[in-house]
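Residues per chain, in single letters:
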Amino acid sequence: MRGLSALRVIAPVKSVVRSCVLIPVNKTGRVHIQCLSTKMPTLSPPPQSLMKPMDFPQKLLMGPGPSNCPPRVLNASALPLLGHLHPEFTQIMDEVKAGIQYAFQTKNQWTVCVSGTGHGAMEAACTNLLEPGETVLVCENGLWGQRFADMCTRNGAVVQKIIKPMGQVFTLQDVEAGLQQHKPVLVFVTHGESSGSTLQPLEGLGQLCHKYNSLLLVDSVAACGGVPLFVDDWEIDAIYTGAQKVLSAPPGASPVSFSERAKNKVLNRKTPIRSYYFDMTHLANYWGCDGSARRYHHTGPISSVYAIREGLARLAEEGLEKSWETHRKCAEMLWEGAEKLGLELLVQEKANRLPCVTGIKVPEGVNWKDVSDYAMKTYKVEISGGLGAQAGKIWRVGIMGYNATPENVQKVLRALDEGLKSVRGNPRSQL
Ligand code: PMP
């Protein structure tokens, strides 16, 4: 009898286990299934590469990101998981939110982390703030404007651009002309253009956009924490950053903040937000920003939230002013050192240089990759190359967060100096 009832229990899977027999019920009442023939598909073997320990070199990441994480951040990310709605975890989320409000200098209620890297935060800003057919004005002076414009087109928005070459920034007059001509609902600028190494001045831009009934969106992935930023005072409506730059945490949770104006635009949309995952109304609820009980939207990236909490705590302990000063001093040391080596910087105007990422021109006849390979081989230091129009023409050196120290800058300069000498002394390495 017991055997029969066990048979009935497994009946729905009979077709799958056609080639199997039932072994009689044992004392515990359990049924065993044993396969007789090999009608199942052939199993691929487990990958051999996973049968040995992970190969893991230590590197000093002095490119445009990620930057190295301090031990306290790495240790935090190794802590045991909590449930993503447990009170102890939502308390940590509240601490992260307070840290983001500090880093952005905002009291915005809608301040959250998007589960994803900087691109996730970009997608969130785009998909929430724009409806199909609406016009967005993208100030493009490098890769990030291009990429944001691409996202807007995919979301059905009408993209208008003002374009400057990499290494140049926009003036208030440039933006005003674009506002007058295109009457956009949203203006996008990149605060720290990591591809062109520019620092976009933001003062006055928010007020200007509001004069023309437009919202201002700022990409501060490569700048926040490293340079002055006052989201409320500068009337920025939406802003995002990443974890893996000045915050020195692993990529995975990205801060986003919306002003009341931006929030009202989202709440008054005529069409649904196209992305469920990045819907700010859901995210605001999950991050405890809407006054109602937190509901399940998705499982937050728990370890990444622990890590960014520690990255933000580091910034809070150091203080924003101190952090801005450290980044500036280290960047100036790099700029002067590079010039002493006879190298030219991509951005001429000092005020427009981004301290967090510096573009250094590759001298005529030198292959950038040879020098960067030398730095990696000899010093385990990452020095990156250029992107887009600057590919092969510049090196990009990142000085961000935990890595912003005079010792690290000296190491980069030494690697550049020796790398250039070794390349110049070796005709085969020259272009
Ligand atoms: N914006 C800027 C200015 C960036 O520098 C980056 C990263 N290099 C991003 C957006 C995208 O961030 P992520 O690579 O973390 O998706």
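Here is a short report on the structure shown in this document. If you're wondering where the values come from, they're calculated on a predicted model, not measured in any experiment.

1. What to know about the side chain of Asp219
Then step 1. Counting through the fold element by element, Asp219 comes out in strand 10 (residues 215-219).
Then step 2. Buried charged residue Asp219 carries no salt bridge. Nearest counter-charge: Lys245, at 8.1 Å.
Then step 3. A polar atom in the side chain of Asp219 sits 2.9 Å from the backbone nitrogen of Val221.
Then step 4. For Asp219, the contacting residues outside a window of four places in its chain are Met122, Trp144, Phe188, Val189, Thr190, His191, Gly192 and Tyr240.

2. Regarding the site of the ligand
Then step 1. In the vicinity of the ligand, the contacting residues are Thr117, Gly118, His119, Trp144, Thr190, Gly192, Ser194, Asp219, Val221, Ala222, Gln244 and Lys245.
Then step 2. Within the side chain of Thr117, a nitrogen or oxygen atom sits 2.6 Å from an oxygen atom of the ligand.
Then step 3. One of the side-chain N or O atoms of Gln244 is found 2.6 Å from an oxygen atom in the ligand.
Then step 4. Expressed as a share of its isolated accessible area of 390 Å², the protein-covered part of the ligand is 88%.
Then step 5. With respect to the pocket detection grid, the ligand is positioned in the second largest pocket.
Then step 6. A breakdown of the residues in the shell around the ligand according to their chemical character gives three nonpolar, seven polar and two charged.

3. Examining the sheet that holds strand 15 (residues 384-385)
Then step 1. In space, the three strands of this open sheet follow the order 13-16-15, with antiparallel pairing throughout. A single partner strand is all that each edge strand has here, and the edge strands are strand 13 (357-361) and strand 15.

4. Some words on helix 4 (residues 118-129)
Then step 1. When the terminal C-alpha atoms of helix 4 are compared, their 17 Å separation across twelve residues agrees well with the 16 Å that a helix rising 1.5 Å per residue should span.
Then step 2. Judged by how many residues are buried, helix 4 sits mostly within the fold: ten of twelve residues are covered.
Then step 3. Turning to helix 4, its buried residues number three or more, namely Gly118, Gly120, Ala121, Met122, Ala124, Ala125, Cys126, Thr127, Asn128 and Leu129.

5. A few points about unusual backbone geometry
Then step 1. A cis amide bond links Gly65 with the next residue in sequence, Pro66, at an omega value of 0°.
Then step 2. Examined against the element boundaries, Pro66 turns out to sit in the loop between strand 3 (60-61) and helix 2 (71-77).
Then step 3. For Lys183, which is not a glycine, the phi torsion comes out positive at approximately 45°.
Then step 4. When you line up the elements, Lys183 lands in the loop between helix 6 (172-182) and strand 7 (186-190).
Then step 5. In this structure, Lys380 is a non-glycine residue whose phi angle is positive, near 55°.
Then step 6. Inspection of the secondary structure assignment puts Lys380 in the loop between helix 12 (368-379) and strand 14 (381-382).

6. Considerations on empty space enclosed by the protein
Then step 1. As enumerated under the stated definition, the model contains one cavity of 30 Å³ or more in all.
Then step 2. Roughly 40 Å³ of internal volume is contained in the largest cavity.
Then step 3. Lining the largest cavity, in full, are Ser197, Trp335, Leu345, Leu346, Val347, Arg353, Leu354, Val357, Thr358 and Gly359.
Then step 4. Of the residues in the lining of the largest cavity, the class split is six nonpolar, three polar and one charged.

7. Some details on the pattern of salt bridges
Then step 1. In this structure the tally under the stated criterion is 18 salt bridges.
Then step 2. Note that Glu317 and Arg72 form a salt bridge whose closest N and O atoms lie 2.9 Å from each other. Of this pair, Glu317 sits in helix 10 (residues 302-318) while Arg72 is found in helix 2, placing the two residues 245 residues apart along the sequence.
Then step 3. The exposure class assigned to Glu317 is exposed, which follows from its relative accessible area of 58%.
Then step 4. Note on Arg72: relative accessible area 29%, which makes it partly exposed.
Then step 5. With a closest N to O distance of 3.8 Å, Lys350 and Glu332 form a salt bridge.

8. A look at the packing of helix 3 (residues 87-104) against helix 10
Then step 1. Where helix 3 contacts helix 10, the axes come no closer than 9 Å and their chain directions differ by 40°. Classified by the angle between their axes, helix 3 and helix 10 sit oblique to one another. The interaxial crossing formed by helix 3 with helix 10 has left-handed handedness. Contacts between helix 3 and helix 10 pair Phe89, Ile92, Met93, Glu95, Val96, Gly99, Ile100, Tyr102 and Ala103 from the former with Ile302, Val305, Tyr306, Ile308, Arg309, Leu312, Leu315 and Ala316 from the latter.

Conventions and cut-offs
- Residues numbered from 1 in each chain as written.
- Predicted model: local features only at pLDDT ≥ 70, side-chain atom pairs only at ≥ 80, totals over all residues.
- Heavy atoms only, no water.
- Helix = DSSP H or I, 4+ residues; strand = E, 2+ residues; numbered from the N terminus.
- Buried < 20%, exposed > 50% of the residue type's maximum accessible area, 1.4 Å probe, protein only.
- Lys, Arg positive; Asp, Glu negative; His and termini not counted.
- Salt bridge = Lys/Arg side-chain N within 4 Å of Asp/Glu carboxyl O.
- Polar contact = N/O pair within 3.5 Å; in protein donor to acceptor, adjacent residues only side chain to side chain.
- Contact = heavy atoms within 4.5 Å.
- Near = heavy atom within 4 Å.
- Areas by Shrake-Rupley, 256 points an atom, 1.4 Å probe, with all protein chains shown as cover.
- 1 Å grid on protein atoms, 1.4 Å probe; cavity = no way out; pocket = protein on both sides within 12 Å on 5 of 7 lines; lining within 4 Å.
- Sits in = over half its atoms within 2 Å of the grid points.
- Nonpolar A, V, L, I, M, F, W, Y, C, P; charged D, E, K, R; others polar.
- Pairing = 2+ DSSP bridges.
- Expected span 1.5 Å × (residues − 1).
- Points joined across faces, edges and corners; volume = space filled by probe spheres on them.
- Axes fitted to C-alpha atoms, helices over the stretch in contact; angles between N-to-C directions.
- Parallel < 35°, antiparallel > 145°, perpendicular 65-115°, else oblique.
- Left-handed = near helix turned anticlockwise from the far one by under 90°.

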